[in-house]
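Listed below are the residues making up each chain.
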Amino acid sequence: MNSNRPITTIQVMAVIISTIIGIGILSIPRYMAVAGDSGAPLVTASGVPVAFLGLWFTAAICRKFPNETLFIFSRRLLGTWLADIFSMLISLFFAFSAGITMRQFGEVCVAVVFKKTPIEAVILLMLLLVALSIRRNIVKFTYVHVFYLPFILLSAIAIILVAMRNVDVLNLLPLTGNHTTFSSFSKGTITSAGLYQGTFVIILLVPLMKKPQQILKAGTIALGIIGFIYVMIVWVTLGMFGAQETKLLSYPTLEAARSISIGAGLLERFDALFIIIWVISIFTTIFTNYYLATYSLQQVLRHKDHRLLSSFLLPLIFTFSLLPRNIFQVYSFASITAIIGLIFLTFYPLLLWIVSLIRNKGAISHE
């Protein structure tokens with residue numbers, strides 16, 4: 001154990017889980033029901049192994065260079081100019097992803113809570129809050145995620161446990177779905193896998209980990225926990241509403257939270273509690289995307305302080321969030337961004353890993 005490194009393996013798991021559980025939790029049952037009908041839980045689970053590939057390649061290359069971030073060692077592997085181009089693409093991707101996630105957040109808030117508030121105001125307020133929060137170093141970035149994780153996990157587990165009482169098992173049969181084709185199943189698998197691109201955050205954390213050789217273990221356990229939560233949320237939602245009705249709901253998980261209660265009037269507005277915790281989970285997701293975008297840009301420009309750059313990125317992310325003209329374009333943009341992210345964030349670490357093998361660079365850490 002390296003006592004000079006402040007981040008533990010458990011804290012890395014917390015950052016990954018807190019980052020990934022976010023905007024997708026509201027609508028994932030609908031996407032999975034469209035792809036797999038009553039086999040939606042199976043489709044959801046199938047995305048985890050695909051997402052694991054990206055995690056494995058990222059963890060493998062980071063373990064070869066445990067004292068540096070990916071932005072640094074990629075220059076030695078690919079050359080400065082090519083590495084900087086990829087780092088710039090990473091910055092643009094996460095800035096765009098933050099903008100689209102921000103827009104999805106605004107659409108839900110305006111539809112459910114702030115019905116008379118302009119969506120631009122909702123987006124800008126959350127963006128300012130995140131922009132102020134990322135003016136911290138990576139250690140404090142980690143502490144923010146660790147602090148909020150219990151609230152996110154406990155709310156998700158509470159909804160699953162309470163909703164299980166209303167599940168009709170007949171709604172979940174057959175387990176493989178009715179008339180599910182290979183094409184629709186594969187599309188659902190890609191959609192599910194696209195939700196896990198937040199695992200890329202490990203490139204920031206490895207140089208500060210006490211045991212960098214455990215990064216794959218941390219990522220694998222985190223993926224398992226998130227996968228289990230997503231599968232169970234899809235399972236209880238389909239069990240309550242059935243596949244056909246779930247396909248028609250914009251936010252099935254929110255409707256599930258509205259349909260459950262604890263005791264005789266003890267806690268009837270479960271959806272109100274869920275919305276509060278959901279806002280926290282959105283904050284942590286955008287927090288990571290914004291931080292990755294800023295940190296990547298800082299590395300490309302060789303600037304010492306990322307705080308100034310975060311201010312320059314704010315209007316760009318706000319502009320990205322306003323690009324979709326309506327709710328249908330919002331979800332189209334989100335789906336395309338997820339697929340691009342899944343491909344890019346899988347094949348770039350794979351490219352670095354192959355080049356490191358060919359050039360015999362780096363070594364596994366045994367600290």
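For the structure, see preceding data.
Residues numbered from 1 in each chain as written. Predicted model: local features only at pLDDT ≥ 70, side-chain atom pairs only at ≥ 80, totals over all residues. Heavy atoms only, no water.

Regarding the overall build of the protein
Next, step 1: Within the protein, the secondary structure is distributed over 15 helices and 0 strands.
Next, step 2: Taking 21 Å as the expected radius of gyration for a compact globule of 367 residues, we find that the protein reaches 20 Å, a close match to that expectation.
Next, step 3: Across its three principal axes, the protein shows a C-alpha extent of roughly 60 × 45 × 40 Å.
Next, step 4: Of all intrachain contacts in the protein linking residues separated by at least 6 positions in sequence, the fraction that spans at least 24 positions is 85%.
Next, step 5: Between the centroid of the 26 positive side chains of the protein and the centroid of its 12 negative side chains there is a distance of 12 Å. (Helix = DSSP H or I, 4+ residues; strand = E, 2+ residues; numbered from the N terminus. Rg over C-alpha atoms; globule rule 2.2 N^0.38 Å. Contact = heavy atoms within 4.5 Å. Lys, Arg positive; Asp, Glu negative; His and termini not counted. Charge placed at Lys NZ, Arg CZ, Asp CG, Glu CD.)

Description of the nonpolar core
Next, step 1: Core analysis: the largest hydrophobic core is formed by 120 residues, its most contacted members being V12, L70, L204, W278 and Y290.
Next, step 2: No other element matches the 16 residues that helix α13 (residues 270-301) contributes to this core.
Next, step 3: Apart from residues lying up to four places away in sequence, V12 is in contact with I7, I202, L205, M209, I215 and A218. (Core = buried A, V, L, I, M, F, W, Y, C linked by side-chain atoms within 4.5 Å. Buried < 20%, exposed > 50% of the residue type's maximum accessible area, 1.4 Å probe, protein only.)

Thoughts on a nonpolar patch on the surface
Next, step 1: A contiguous nonpolar surface patch, about 460 Å² in accessible area, is contributed by L82, I85, M88, L89, L92 and L316.
Next, step 2: When residues of the nonpolar patch are assigned to their parent elements, the largest contribution, 5 residues, is made by helix α5 (residues 80-112). (Patch = residues over 30% accessible without salt bridge, like charges linked within 9 Å, V, L, I, M, F, W, Y side chains within 5 Å. Areas by Shrake-Rupley, 256 points an atom, 1.4 Å probe, with all protein chains shown as cover. Salt bridge = Lys/Arg side-chain N within 4 Å of Asp/Glu carboxyl O.)

Focus: the packing of aromatic side chains
Next, step 1: Counted under the stated rule, the structure contains 22 aromatic pairs.
Next, step 2: Each ring, one from F86 and one from F344, has its centre 6.4 Å from the other, and the planes form 15°; the classification is stacked. Of this pair, F86 sits in helix α5 while F344 sits in helix α15 (residues 327-359), and the two are 258 residues apart along the sequence.
Next, step 3: Judged by relative accessible area, F344 falls into the buried class, the value being 17%.
Next, step 4: Seen from their ring centres, F96 and F333 are 6.3 Å apart, and the 25° between their planes marks the pair as stacked. With F96 in helix α5 and F333 in helix α15, this residue pair connects regions lying 237 residues apart in the sequence.
Next, step 5: Judged by relative accessible area, F333 falls into the partly exposed class, the value being 26%.
Next, step 6: Site record: aromatic cluster; members linked through ring pairs are F141, F147, Y148, F151, F283, F287 and Y291.
Next, step 7: Taking NZ or CZ as reference, R30 lies 5.0 Å from the ring centre of Y31, over its face.
Next, step 8: The residue whose ring lies beneath R30 is Y331, and the NZ or CZ to ring-centre distance is 5.6 Å. (Phe/Tyr/Trp six-rings, centres within 6.5 Å; stacked < 30°, edge-to-face > 60°. Lys NZ or Arg CZ within 6 Å of the ring centre and 35° of its normal.)

Things to note about the pattern of salt bridges
Next, step 1: Throughout the structure, instances matching the rule amount to 7 salt bridges.
Next, step 2: The residue R103 makes a salt bridge to E107 at a minimum N-O spacing of 2.9 Å. Of the two residues, R103 and E107 are both situated in helix α5; the distance of 4 residues between them amounts to about one turn of the helix.
Next, step 3: The buried category is assigned to R103, whose relative accessible area is 6%.
Next, step 4: Here E107 falls in the buried class, since its relative accessible area comes to 15%.
Next, step 5: With a shortest N-O distance of 3.1 Å, R307 and D305 are connected by a salt bridge.
Next, step 6: Classification of R307 by relative accessible area gives partly exposed; the value is 38%.
Next, step 7: Owing to a relative accessible area of 26%, D305 belongs among the partly exposed residues under this scheme.
Next, step 8: Salt bridges sharing partners connect three or more residues here, namely R75, D84 and R302.

A few points about helix α7 (residues 138-163)
Next, step 1: The terminal C-alpha atoms of α7, which comprises 26 residues, lie 37 Å apart, in line with the 38 Å expected from a rise of 1.5 Å per residue.
Next, step 2: The largest bend along α7 measures about 35° and falls at Y148, with the proline P150 one to four residues further on.
Next, step 3: The distance from a side-chain oxygen at the start of α7 to the backbone nitrogen of V139 is 3.2 Å, and the residue carrying that oxygen is N137. (Expected span 1.5 Å × (residues − 1). Bend = angle between axes of the 7 residues up to and from the residue. Polar contact = N/O pair within 3.5 Å; in protein donor to acceptor, adjacent residues only side chain to side chain.)

Quick look at the environment of G188
Next, step 1: Relative to the elements of secondary structure, G188 occurs in helix α8 (residues 182-193).
Next, step 2: Along the chain, G188 and A35 lie 153 residues apart, while their C-alpha atoms are 5.0 Å from each other.
Next, step 3: G188 has contacts with M32, A35 and V43, leaving out every residue within four places of it along the chain.

Here's the deal with the side chain of Q299
Next, step 1: Among the secondary structure elements, Q299 is positioned in helix α13.
Next, step 2: Apart from the residues within four sequence positions on either side, Q299 is in contact with F71, I72 and R75.

What about the packing of helix α2 (residues 24-36) against α8?
Next, step 1: The contact between α2 and α8 brings their axes to 7 Å, and the two run at 160°. Comparing their axes, α8 and α2 come out roughly antiparallel. Here Y31, M32 and A35 of α2 come into contact with α8, specifically with S184, F185, G188, T191 and S192. (Axes fitted to C-alpha atoms, helices over the stretch in contact; angles between N-to-C directions. Parallel < 35°, antiparallel > 145°, perpendicular 65-115°, else oblique.)

Overview of the environment of F318
Next, step 1: Assignment of secondary structure puts F318 in helix α14 (residues 306-321).
Next, step 2: When the C-alpha positions of F318 and L351 are compared, they lie 32 Å apart, and in sequence the two are 33 residues distant.
Next, step 3: Ignoring any residue separated from it by four or fewer positions in sequence, one finds F318 in contact with E120, I123, L124 and L127.

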